[in-house]
Structure formats: structure tokens, C-alpha cells
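# Tertiary structure, described
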Amino acid sequence: GAVVSQHPSWVICKSGTSVKIECRSLDFQATTMFWYRQFPKQSLMLMATSNEGSKATYEQGVEKDKFLINHASLTLSTLTVTSAHPEDSSFYICSAGGRSSYEQYFGPGTRLTVT
Amino acid sequence: GENVEQHPSTLSVQEGDSAVIKCTYSDSASNYFPWYKQELGKRPQLIIDIRSNVGEKKDQRIAVTLNKTAKHFSLHITETQPEDSAVYFCAASLSWGKLQFGAGTQVVVTP
């Protein structure tokens with residue numbers, strides 16, 4: 001089956017620093033990847049849609065200059081949280097579009113804690 | 001855009017009983033409706049999905065029904081077991097894969 005990995009699985013950083021999260025599709029090519037954020041006891045909220053070789057499309061209310069997304073290859077998308085603050089602490093999950101336009105495969109998530 | 005509402009927010013059932021979770025959606029163009037189970041700190045796990053050309057789908061103890069006219073769909077879990085305890089999310093999507101999730105239902109199955 002389709003496997004999506006994320007790295008790191010958890011990260012603690014100081015306020016004001018930047019953090020990069022990687023999302024990889026291990027056994028298939030993903031032309032589209034999605035980035036979600038999930039606060040404790042809440043649902044998954046789509047942050048942006050990332051298409052290989054083009055600029056990401058951000059959802060309303062998501063700051064594109066703060067959450068930098070790069071999708072340079074068909075197997076890798078990265079999310080960089082710039083100048084992180086404690087309110088950015090969350091569970092970040094990526095997903096990759098599969099062979100069928102309906103399918104999405106989720107990564108294991110990255111727990112970000114900003115101190 | 002699409003808006004998905006999910007009820008109830010919490011559901012406590014006795015082991016062996018059935019659990020039903022209901023969702024409504026707003027965009028009549030949505031045509032894919034997956035259900036996910038998420039355990040604490042883990043990724044969402046697809047448990048069943050249904051496309052708009054089908055009214056019902058069943059997989060062992062899990063079934064989903066879809067009413068496109070009323071724009072609602074439901075998850076049914078029969079013969080619940082303690083390992084069914086988790087948070088369940090419904091979602092709706094247009095064909096290009098952008099998922100709008102419901103708020104989630106915390107299911108607790110008590111022995």
C-alpha cells in the first residue's frame with residue numbers, strides 16, 4: 001500500500017526560531033500533498049494544498065509567509081514554520097494524493113512544541 | 001466552501017451495542033465521503049468510504065449510508081468492542097482530494 005512518512009515525529013523549539021517538517025511518499029509519486037494542523041481535542045484543519053512544481057494554495061486565514069511550503073519533487077513536500085510562537089504548537093499532519101483522485105494517505109504527524 | 005457538521009461529539013456505548021454517528025454537508029457537489037478513526041497522537045486511519053453514486057456500503061461491522069438529497073451520511077458500527085474506542089471523523093471532498101473534516105466524535109465503548 002501507499003506509505004507516507006514525516007520527519008521529525010516530534011520537535012521542541014524556542015520561540016522565534018524556524019522549524020522544517022518533511023513529508024515523503026515512499027512508494028508512489030504524489031503530485032498533490034496536503035498539510036493539516038490539529039490542535040488538542042480538535043479536528044484536522046486544512047492549511048494548504050501543495051502541488052509539485054508550483055506554488056502552494058493556502059486556506060483562508062493561513063499566513064503563507066509564516067508557513068512556507070515547498071513541493072520540489074513528486075515524493076517530498078516540506079512545511080517550514082517560520083518565527084514560531086507558542087500558539088503554533090500543534091500536531092501537523094501531511095497527506096498525499098494517491099493514484100485515484102479520491103484517495104489520500106496520511107503521514108504519522110509531527111508534534112511541534114514551541115517554548 | 002464545504003462545511004461538515006458531525007454529531008454527537010461524544011458517544012458512550014456498552015460493548016456489543018451499536019454506535020451511530022451522523023454528518024451533514026453543505027456543498028452538493030461533494031462526491032466522496034470517507035470516515036476516519038484516530039487514536040491519540042496517531043494519524044487518521046481510513047475505515048470506510050463511500051462515493052456519491054452509492055447509497056450504502058458495508059465492511060464487516062462497519063457500514064456507511066449516504067443520502068445525497070438530504071446531504072447527510074452516517075457511520076454505523078455494530079457489535080462494538082473496546083478497541084473501537086477512539087475519535088471518529090467524517091469528511092467530505094470534491095474529486096480533487098481536498099477534505100473538509102467534521103468536528104469529530106469521541107466514542108467510548110465500556111465493557
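Residues numbered from 1 in each chain as written. Chains lettered and ligands numbered in written order. Predicted model: local features only at pLDDT ≥ 70, side-chain atom pairs only at ≥ 80, totals over all residues. Heavy atoms only, no water.

### Some words on unusual backbone geometry
Trans is the common state for peptide bonds, and a negative phi is the common state for residues other than glycine. A cis amide bond, omega 0 degrees, links His 7 of chain A with the succeeding residue Pro 8 of chain A. Structurally, the position occupied by Pro 8 of chain A is in the loop between β1 (4-7) and β2 (10-13). A cis geometry characterises the amide bond from His 7 of chain B onward to Pro 8 of chain B, with omega recorded as 0 degrees. Even without a glycine there, the phi angle at Lys 41 of chain A is positive, about 60 degrees. Among the secondary structure elements, Lys 41 of chain A is positioned in the loop between β4 (32-38) and β5 (45-51). The residue Glu 79 of chain B is not glycine, and still its phi comes out positive at about 50 degrees. Position of Glu 79 of chain B among the secondary structure elements: in the loop between β8 (72-77) and β9 (86-93). Among the residues examined, Glu 79 of chain B registers a relative accessible area of 54% and is labelled exposed. (Helix = DSSP H or I, 4+ residues; strand = E, 2+ residues; numbered from the N terminus. Buried < 20%, exposed > 50% of the residue type's maximum accessible area, 1.4 Å probe, protein only.)

### Observations regarding the interface of chain B and chain A
Much of the literature gives interface size as the accessible area that the parts lose upon coming together. Contact residues are listed per partner, giving 18 residues for chain B and 19 residues for chain A. Interface area, chain B with chain A, both sides summed: about 1600 Å², of which 55% is carbon and sulfur. Along the contact surface separating chain B from chain A lie one salt bridge. Our enumeration of links across chain B and chain A arrives at five residue pairs in polar contact (both at pLDDT 80 or more). Elements with a minimum of two residues in the side of chain B that touches chain A: β4 (32-38) and β10 (99-101) of chain B. Ranked by residues supplied to the side of chain B that touches chain A, first place goes to β4 of chain B with three residues. For the side of chain B that touches chain A, the class distribution of residues is eight nonpolar, six polar and four charged. (Contact = heavy atoms within 4.5 Å. Buried area = accessible area lost by both parts, 1.4 Å probe. Salt bridge = Lys/Arg side-chain N within 4 Å of Asp/Glu carboxyl O. Polar contact = N/O pair within 3.5 Å; in protein donor to acceptor, adjacent residues only side chain to side chain. Nonpolar A, V, L, I, M, F, W, Y, C, P; charged D, E, K, R; others polar.)

### Description of the environment of Leu 66 of chain B
Residue and element names in this part refer to chain B. Residue placement: Leu 66 occurs in strand β7 (residues 62-67). Taking the C-alpha atoms as reference, Leu 66 lies 7.4 Å from Val 54; in sequence the two are 12 residues apart. For Leu 66, the residues in contact, after removing those within four places along its chain, are Tyr 25, Phe 33, Ile 50, Arg 51, Ser 52, Val 54, Gly 55, His 72 and Phe 73.

### Some remarks on the state of the cysteines
As enumerated under the stated definition, the model contains two disulfides over all chains in all. The partner cysteine of Cys 23 of chain A in its disulfide is Cys 94 of chain A, sulfur to sulfur 2.0 Å. Judged by the sign of its S-S torsion, about 80 degrees, the cystine formed by Cys 23 of chain A and Cys 94 of chain A is right-handed. Of the two residues, Cys 23 of chain A is situated in strand β3 (residues 19-25) and Cys 94 of chain A in strand β9 (residues 90-97); the sequence distance between them amounts to 71 residues. Like Cys 23 of chain A, the residue Cys 94 of chain A is buried in the burial classification. Disulfide pairing places Cys 23 of chain B opposite Cys 90 of chain B at an S-S distance of 2.0 Å. Taking the sign of the torsion about the S-S bond as the criterion, the disulfide between Cys 23 of chain B and Cys 90 of chain B, at about -100 degrees, is left-handed. Here Cys 23 of chain B, found in strand β3 (residues 19-25), pairs with Cys 90 of chain B, found in strand β9; they are 67 residues apart in sequence, far enough to count as distant. Per residue, the accessibility class of Cys 23 of chain B equals that of Cys 90 of chain B, and both read buried. Free of any disulfide, Cys 13 of chain A has its nearest cysteine sulfur in Cys 94 of chain A, 18 Å distant. (Disulfide = S-S within 2.5 Å.)

### Notes on the packing of aromatic side chains
Applying the stated criterion to the full structure yields 12 aromatic pairs over all chains. Geometrically, the ring pair formed by Phe 67 of chain A and Tyr 92 of chain A is tilted, given 6.5 Å between the ring centres and 40 degrees between the ring planes. Separated by 25 residues along the polypeptide, Phe 67 of chain A in strand β7 (residues 67-73) and Tyr 92 of chain A in strand β9 bring together distant segments of the chain. Under the relative-accessibility criterion, Phe 67 of chain A is labelled buried at 3%. You can call Tyr 92 of chain A buried: its relative accessible area is 0%. Three or more aromatic residues joined by ring pairs make a cluster, and in this case those are Tyr 36 and Phe 106 of chain A together with Tyr 36, Phe 89 and Phe 101 of chain B. (Phe/Tyr/Trp six-rings, centres within 6.5 Å; stacked < 30°, edge-to-face > 60°.)

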